[in-house]
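Next come the chains, spelled out residue by residue.
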Amino acid sequence: MNAIPAFVIGASGYVGGELLRLIGAHPTFELAGAISRDPGEKTIASEFTHLAPLYGDTPFVSVESAQGALAEARAAAVFSAAPHGQSAALLAEFDSIARNGTHIVDVSADFRFTDLNQFESIYGCEHGAPGLASQFTAAPPELSGAAPTRHVAHPGCFATAMLLGAAPLVAAELVGPDLFVTGITGSTGSGKAPSPTTHHPERHANLYSYKPLVHRHAAEVDSVLAAMTGHKTHVRFVPHSGPFARGIVVNLQAPLTSSVAAGDLREAFVAYFAAADFVHVRRDGSARLGSVVGSNYVEISVAGDGTSVAVSVAIDNLVKGAAGGAVQWMNRLFDLPETTGLQAPACGWT
């Protein structure tokens, strides 16, 4: 296949940087525009020094410049890592000038909810492109077959981990609607702009919960599970800030609807993810960050005592939870093997 031009909106943030890293090593996608609201004279390497070997003196470009290039492309891959509440309007502009061979994967929250009133209530802003919403499907790739829409909204990083842990149980009706989840995320999950919760002296050697039972990703999980499985759930989620930069571990617990042996629970996950190249269900031990950080892989462990189930899921928040999942979706949208450019294993030690 000829090279497919790729555009990254919001390219100067952490997720944008990960998209640039993955695109730079991808055999089919070729960067056509790293888009910044205020590109100035900045180069990709000046913002992300680790990407210098891939991009040299390649500059960031303006929205207008990228749109001009997109209008000339017969087909293109458009990724958006723009902030929540801003992505939709920008993508409506890009979609209006793109040809039919162009696909969009949005990593923001703007197209994750089928009910736009719910989005507006949770995020506190008016939706920027309600007319475009029907063209998006929201789900991790493992929860959907071929994308039923032209474009895709990738779930949030916490939501991705929770969905991968919950979907096999909910789809098989092994659990009821009530799901109890705790999760720990690295500081990159809060974005590039420094804040008291991401500042290193506050985060180092520290661990604390935040937004217990009111975190917005819980509603997102309920929405996607209902769309993908046909079952309503009520996720009760307590997130935590961890003393590390990358990665997420979530632990899900729920009562079983009937007695199921621990081995049978594991087999339910193995069967559900039988065609999922990036999901590894452990035979023993617990899911670990060291097995996945820096990669698009997922590690899952399952335990049960006959009356309840406990599932642990480990992912890299910037890769599987954002940029890697987005590239995986884009591979599928262009009928490429979905593992293309994503098979590098985890770092192991960070």
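Procedures and definitions
- Sequence positions are assigned chain by chain, starting from 1 and proceeding in written order.
- Local features in this predicted model are restricted to residues of pLDDT 70 or higher, and side-chain atom pairs are both shown and tallied only at a pLDDT of 80 or more, whereas totals for entire chains, interfaces and linings draw on every residue.
- Hydrogens and water are ignored here; the side-chain numbers use all heavy atoms of the structure.
- A carboxyl oxygen of Asp or Glu within 4 Å of a side-chain nitrogen of Lys or Arg is what we treat as a salt bridge.
- Each helix corresponds to a stretch of at least 4 residues labelled H or I by DSSP, and each strand to a stretch of at least 2 residues labelled E; elements are numbered beginning at the N terminus.
- Throughout this description, buried means an accessible area under 20% of the type-specific maximum (1.4 Å probe, protein chains only), exposed means over 50%, and partly exposed covers the range between.
- For two strands to be treated as a pair, DSSP must find no fewer than two bridges joining them.
- Detection works on a 1 Å grid of protein atoms alone, calling trapped sets that fit a 1.4 Å probe cavities and calling open sets with protein on both sides within 12 Å along at least five of seven lines pockets, with lining residues defined by an atom within 4 Å of a point.
- Grid points are joined across faces, edges and corners, and a volume is the space filled by probe spheres set on the points.
- Each residue gets one label: Ala, Val, Leu, Ile, Met, Phe, Trp, Tyr, Cys and Pro are nonpolar, Asp, Glu, Lys and Arg are charged, and the others, such as Gly, are polar.
- Our arc is simply the arc of the directions from the helix axis toward the C-beta atoms.
- Should any heavy atoms of two residues lie within 4.5 Å, those residues are counted as being in contact.
- By convention, orient the strands away from the viewer: a clockwise path from the first strand over the helix to the second makes the crossover right-handed.
- By nonpolar core we mean a set of buried residues, namely Ala, Val, Leu, Ile, Met, Phe, Trp, Tyr and Cys, connected to one another through side-chain atoms within 4.5 Å.
- Only Phe, Tyr and Trp rings take part, Trp by its six-membered ring, and two of them pair if their centres are within 6.5 Å. Stacked means planes under 30 degrees apart, edge-to-face means over 60, and tilted covers everything else.
- A ring is considered to have a charge above it if a Lys NZ or an Arg CZ atom is located within 6 Å of its centre and within 35 degrees of its normal.
- Here, axes are lines fitted to C-alpha atoms. For helices the fit covers the stretch in contact, and angles between N-to-C directions go from 0 to 180 degrees.
- Here is the rule for angles: anything less than 35 degrees is roughly parallel, anything more than 145 is roughly antiparallel, 65 through 115 is roughly perpendicular, and the remaining ranges are oblique.
- By definition, turning the near helix anticlockwise from the far helix through less than a right angle yields a left-handed crossing, and turning it clockwise yields a right-handed one.

**Student:** When you look at the pattern of salt bridges in this model, what are you seeing that I'm missing?
**Tutor:** The final tally for this structure, using the stated rule, is 11 salt bridges. Between D178 and R236 there is a salt bridge, with the nearest N and O atoms lying 2.7 Å from each other. With D178 in strand β7 (residues 178-185) and R236 in strand β9 (residues 234-241), this pair connects stretches of sequence that are 58 residues apart. You can call D178 partly exposed: its relative accessible area is 32%. What makes R236 partly exposed here is its relative accessible area of 27%. Across the salt bridge formed by E338 and R332, the nearest N and O atoms sit 2.7 Å from each other. Owing to a relative accessible area of 17%, R332 belongs among the buried residues under this scheme.

**Student:** Looking at this structure, I do not really get the pairing of β9. What am I missing?
**Tutor:** Consecutive side chains along a regular strand alternate between the two faces of the sheet. Two strands pair when backbone bridges link them, and β7 and β9 are joined in this way by 8 bridges, in the parallel orientation. Of the residues in β9, the one forming a bridge with I184 is H240. Sheet analysis places strand β8 (residues 208-209) next to β9, joined by 2 bridges and oriented antiparallel. In the sheet register, Y208 faces β9, and the bridge partner there is S241.

**Student:** Even after reading the chapter, I still don't get the layout of surface pockets, so can you show me in this structure?
**Tutor:** The rolling of a water-molecule-sized probe over the atoms marks out the regions of remaining empty space. The volume enclosed by the largest pocket comes to roughly 1,100 Å³. Forming the walls of the largest pocket are 40 residues, and the residues nearest its centre are V15, H84, G189, S190 and G191. For the lining of the largest pocket, the element with the highest residue contribution is helix α1 (residues 14-24), accounting for 3 residues. Lining the second largest pocket we find 13 residues, and of these Y14, E18, F48, H50 and R246 sit closest to its centre. In terms of residue count, the dominant contributor to the lining of the second largest pocket is α1 (4 residues). Residue classes in the lining of the second largest pocket are distributed as 4 nonpolar, 4 polar and 5 charged.

**Student:** Hey, could you run me through helix α6 (residues 116-123) in this one?
**Tutor:** One turn of an α-helix holds 3.6 residues; hence residues three or four places apart share an orientation. Turning to α6, its buried residues number three or more, namely L116, F119 and Y123. Looking straight down α6, one finds its buried side chains confined to an arc of 50 degrees; they lie on one side. Seen from the open side of α6, the exposed residues pointing more than 90 degrees away from its buried face are N117 and S121. Buried residues in α6 make contact with α9 (216-229).

**Student:** So what exactly am I meant to see when it comes to the pairing of strand β1 (residues 4-9) here?
**Tutor:** With 5 of its 6 residues buried, β1 lies for the most part within the structure. Handedness of the crossover joining β1 and strand β2 (residues 29-35) through α1 is recorded here as right-handed.

**Student:** Sorry if this is basic, but what is going on with the nonpolar core here?
**Tutor:** Nonpolar side chains tend toward joint burial in soluble globular proteins. F111, L169, I300, V309 and V311 are the most contacted members of the largest nonpolar core, which totals 67 residues. Among the elements that line this core, the one with the most residues is helix α7 (residues 157-171), at 11 residues. Listed in part, the 32 residues of the second largest apolar core include F29, I44, V327 and F334.

**Student:** Hey, could you run me through unusual backbone geometry in this one?
**Tutor:** Of all residues except glycine, most have a negative phi; of all peptide bonds, most are trans. Although it is not a glycine, K211 adopts a positive phi angle of roughly 45 degrees. With respect to the helices, strands and loops of the structure, K211 is situated in the loop between β8 and α9. Given the relative accessible area of 49%, K211 is considered partly exposed. The backbone of L213 shows a phi angle near 70 degrees, a positive value even though the residue is not glycine. On the secondary structure map, L213 appears in the loop between β8 and α9. With a relative accessible area of 60%, L213 lands in the exposed category.

**Student:** Please clarify how the packing of aromatic side chains should be interpreted in this entry.
**Tutor:** By convention here, two paired aromatic rings are described through the distance between centres and the angle between planes. Under the definition given, this model contains 8 aromatic pairs. Between the aromatic rings of Y272 and F273, the centroid separation amounts to 5.0 Å while the plane-to-plane angle is 80 degrees, which identifies the pairing as edge-to-face. Taking the relative accessible area as the measure of exposure, F273 reaches 4% and is therefore buried. Note on F278 and Y297: the rings are 5.2 Å apart at their centroids and 65 degrees apart in plane angle, and the pair reads as edge-to-face. Residue F278 is located in the loop between α10 (262-272) and β11 (279-281), and its partner Y297 is located in the loop between β11 and β12 (298-304); the two are separated by 19 residues in the primary sequence. Members of the aromatic cluster, connected to one another through ring pairs, are F29, F79 and F334. Note that R332 overlies the ring of W329, its terminal NZ or CZ placed 4.9 Å from the centroid.

**Student:** Is there a simple way to think about the side chain of S144 in this case?
**Tutor:** Mapped onto the elements, S144 comes out in the loop between β5 (136-138) and β6 (151-153). What makes S144 buried here is its relative accessible area of 16%. Those residues in contact with S144 that lie beyond four places of it in its chain are A139, M228, W329 and R332.

**Student:** Please clarify how the packing of helix α4 (residues 63-72) against helix α5 (residues 87-97) should be interpreted in this entry.
**Tutor:** Helix-helix packing is characterised by the crossing angle of the two axes and by the distance between the axes. Packing of α4 against α5 leaves a shortest axis separation of 9 Å and a crossing angle of 30 degrees. Here α4 is positioned roughly parallel relative to α5, judged by the angle of their axes. Once α4 is placed against α5, the crossing between them reads as right-handed. For the pair α4 and α5, contact is made by V63, A66, Q67, L70 and A71 and by L90, E93, F94 and I97, respectively.

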